[in-house]
Amino acid sequence: MAVFNSLNFENHEGVHFFADEDSGLKAIIAVHNTVRGPGAGGTRLWQYSNEQAALDDVLNLSKAMSYKNAMADIPFGGGKGVIIRPEGDFDRKALFAAYGRAVESLGGIYCTAEDVGVTPSDMEVIRTQTKFVGGLDHGVAASGDPSPVTAEGVFRGLKVAWKKVSGQSDLGGVRVAVQGLGHVGYTLAEKLVHAGAKVWAADINENVLTKAKRELGAVIVPIDEIHTQDVDIFAPCALGGAVNPKSLPEIKARIIGGAANNQLSNSDLGIDLLEKGILYCPDYVINGGGIINVASELSGTYDPKWVDARLDGLSRTLKEIFEISDDSGQPTNIVADKIAKMRITSAQT
Ligand code: NAD
């Protein structure tokens, strides 16, 4: 397995591997950068095809967390955890307790929360082993599932993007294709529909599609056609790589913005998006709401006003990225990378 030569290694401060035979835990925690504070980022439970795929994922996600936390202006660096889902039946409590011990063993250089496949009740199990965990349902500063706040941040970001593209301040009548109606995607779809937008949706989970059709009037489309819809906004809210060399020529939307991490399968696609006239909302900027919520909890006192102000900050940063992109002719993802790196460097100096 390639580690130092891995495509995404890029100066990680540490990559930590954990195994626990009794629970079946196999996990990797990557800490990319702690200059702004301890590495903070969620833990993903996923059935990876092999160990290299898990490593590539965690390195990519962890680096993105350094950038995301800098853009969200919170006192944390970048880190991420992945747990390779054990095959067959497994004891979930034992698995997350072992993972909690792994987090504790890092002594606070990494703080965790929920990501794909992980719930607030898993966080409660982790909390029995370590205090370096947020996104809890119980406790003095508990902030619960961060997904609704992520959805709110994406919603506000899409309004900024729509204003830039159309000049209109509200989303009435706007057509949005939401890929993935999970914790974030469903809440986002609800907010969009309440704002008067029309939603197209795809998911691998039939139950959630039935619910979205019934409750939100969503138009259900096959998963391999969601990005091709004739809509104004494409909102990737499932896994990474929604925008790739195959999907890009088929995207008709004028805006791409959603919750998923690492939406571009490679950063050069930002140039293609710019040339096609598609406004890309850099993923780690627009989806920073959840980690802002967790950061408030990790500070020891949950403060909804602080969270709301930081969410507004995300929208302002997004607007700034669009303006710099316009002035410089650079793709929005590259502009975002530059601002994030600058914020990290200035914290160092
Ligand atoms: P989730 O697991 O609740 O939802 C993901 C949804 O995508 C599920 O409903 C799943 O069935 C669906 N899905 C999987 N493969 C699909 C496919 N090929 N096509 C369509 N749908 C598919 O996860 P979530 O918490 O909603 O997070 C969604 C994305 O946003 C992830 O990439 C996550 O890393 C990112 N994110 C989440 C948060 C958060 O607060 N939860 C914060 C930042 C970023």
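Residues numbered from 1 in each chain as written. Predicted model: local features only at pLDDT ≥ 70, side-chain atom pairs only at ≥ 80, totals over all residues. Heavy atoms only, no water.

1. A closer look at the site of the ligand
- Around the ligand, a shell composed of 22 residues is seen, among which Thr150, His183, Asp203, Ala238 and Asn261 lie nearest.
- Separating an oxygen atom of the ligand from a side-chain N or O atom of arginine 44 is a distance of 2.9 Å.
- In isolation the ligand exposes 830 Å². Once the protein is present, 84% of that is buried.
- Judged by the proximity of its atoms to the pocket grid, the ligand belongs to the largest pocket.
- Put simply, the parts of the chain that give the shell around the ligand at least two residues each are helix H4 (147-166) and helix H5 (183-194).
- Tallied by class, residues from the shell around the ligand come to eleven nonpolar, seven polar and four charged.
- Summarising the domain contributions, the shell around the ligand has at least three residues from each of domain 1 (14-62 + 80-127) and domain 2 (147-288 + 316-343). (Near = heavy atom within 4 Å. Polar contact = N/O pair within 3.5 Å; in protein donor to acceptor, adjacent residues only side chain to side chain. Areas by Shrake-Rupley, 256 points an atom, 1.4 Å probe, with all protein chains shown as cover. 1 Å grid on protein atoms, 1.4 Å probe; cavity = no way out; pocket = protein on both sides within 12 Å on 5 of 7 lines; lining within 4 Å. Sits in = over half its atoms within 2 Å of the grid points. Helix = DSSP H or I, 4+ residues; strand = E, 2+ residues; numbered from the N terminus. Nonpolar A, V, L, I, M, F, W, Y, C, P; charged D, E, K, R; others polar. Domains from an automatic or database assignment.)

2. Notes on helix H3 (residues 120-127)
- When H3 is considered as a whole, its buried residues turn out to be Pro120, Asp122, Met123, Val125 and Ile126.
- Buried residues along H3 sit against helix H2 (92-105). (Buried < 20%, exposed > 50% of the residue type's maximum accessible area, 1.4 Å probe, protein only. Contact = heavy atoms within 4.5 Å.)

3. Points about the pattern of salt bridges
- Scanning the model with the defined rule gives 14 salt bridges in all.
- Ionic pairing is found between aspartate 326 and lysine 164, a salt bridge with its closest N-O pair at 2.8 Å. Of this pair, aspartate 326 sits in helix H10 (residues 304-328) while lysine 164 sits in helix H4, placing them 162 residues apart in sequence.
- One network of salt bridges, with partners in common, ties together Glu152, Arg156, Lys191, Asp308 and Asp312. (Salt bridge = Lys/Arg side-chain N within 4 Å of Asp/Glu carboxyl O.)

4. With respect to the domain arrangement of the protein chain
- For the protein chain, the assigned domains read domain 1 (14-62 + 80-127) and domain 2 (147-288 + 316-343).
- A separation of 27 Å is found between the C-alpha centroids of domain 1 and domain 2.
- Listed as interface residues are eight residues of domain 1 and, on the opposing side, four residues of domain 2.
- In total, domain 1 and domain 2 occlude about 500 Å² of area from one another, counting both sides; carbon and sulfur atoms represent 52% of this.
- If you list the elements that add at least two residues to the side of domain 1 that touches domain 2, you get strand E4 (43-46) and helix H1 (51-71).
- When its residues are assigned to classes, the side of domain 1 that touches domain 2 shows three nonpolar, one polar and four charged. (Buried area = accessible area lost by both parts, 1.4 Å probe.)

5. A word on the packing of aromatic side chains
- Counted by the stated rule, this structure contains two aromatic pairs.
- Pairing phenylalanine 4 with phenylalanine 9 gives two aromatic rings, centres 5.3 Å apart and planes at 70°, and the pair type is edge-to-face.
- A relative accessible area of 67% places phenylalanine 4 in the exposed class.
- Accessibility expressed as a relative area gives 14% for phenylalanine 9, which makes it buried.
- Residues tyrosine 67 and tyrosine 284 carry aromatic rings whose centres are separated by 5.6 Å and whose planes lie at 65° to one another, so their mutual orientation is edge-to-face. Remark: tyrosine 284 occurs in helix H8 (residues 283-286) and tyrosine 67 occurs in helix H1; sequence separation between them is 217 residues.
- Take tyrosine 67: its relative accessible area is 6%, and that puts it in the buried class.
- Taking the ring centre of tyrosine 186 as reference, the NZ or CZ of lysine 211 above it sits at 4.3 Å. (Phe/Tyr/Trp six-rings, centres within 6.5 Å; stacked < 30°, edge-to-face > 60°. Lys NZ or Arg CZ within 6 Å of the ring centre and 35° of its normal.)

6. So, the side chain of glutamine 179
- By secondary structure assignment, the location of glutamine 179 is in strand E7 (residues 175-179).
- In this structure, glutamine 179 is in contact with Ala202, Ile226, Phe234, Ala235, Pro236, Cys237, Ala238 and Ala242, ignoring residues within four places of it in sequence.

7. A closer look at unusual backbone geometry
- For glutamate 10, which is not glycine, the phi torsion reads 30° and is therefore positive.
- Among the secondary structure elements, glutamate 10 is positioned in the segment before strand E1 (14-20).
- One non-glycine residue, asparagine 262, lies in positive phi territory at about 50°.
- Assignment of secondary structure puts asparagine 262 in the loop between strand E11 (255-256) and helix H7 (269-276).

8. As for the pairing of strand E10 (residues 233-236)
- Burial along E10 is two-sided: Ile233 and Ala235 facing one way and Phe234 and Pro236 facing the other are all buried.
- By the bridge criterion, four bridges tie E7 to E10 in an arrangement that is parallel. The partner of glutamine 179 across the bridge, within E10, is proline 236.
- Of the pairings in the sheet, the one linking E10 to E11 comprises two bridges and is parallel in character. Following the sheet pairing, isoleucine 233 is matched in E11 by isoleucine 255. (Pairing = 2+ DSSP bridges.)

9. Here we look at the environment of glycine 42
- Looking at the element boundaries, glycine 42 is found in the loop between strand E3 (39-40) and E4.
- Classification of glycine 42 by relative accessible area gives buried; the value is 7%.
- Separated by 68 residues in sequence, glycine 42 and tyrosine 110 have C-alpha atoms that sit 9.9 Å apart.
- Excluding anything up to four places from it in sequence, glycine 42 contacts Lys80, Gly81, Tyr110, Thr112, Ala113, Glu114 and Asp115.

10. With respect to the environment of histidine 32
- Position of histidine 32 among the secondary structure elements: in strand E2 (residues 25-33).
- One polar contact links the side chain of histidine 32 to the main-chain carbonyl oxygen of glutamate 10, over a distance of 3.2 Å.
- At 2.6 Å, the side chain of histidine 32 forms a polar contact with the side chain of serine 66.

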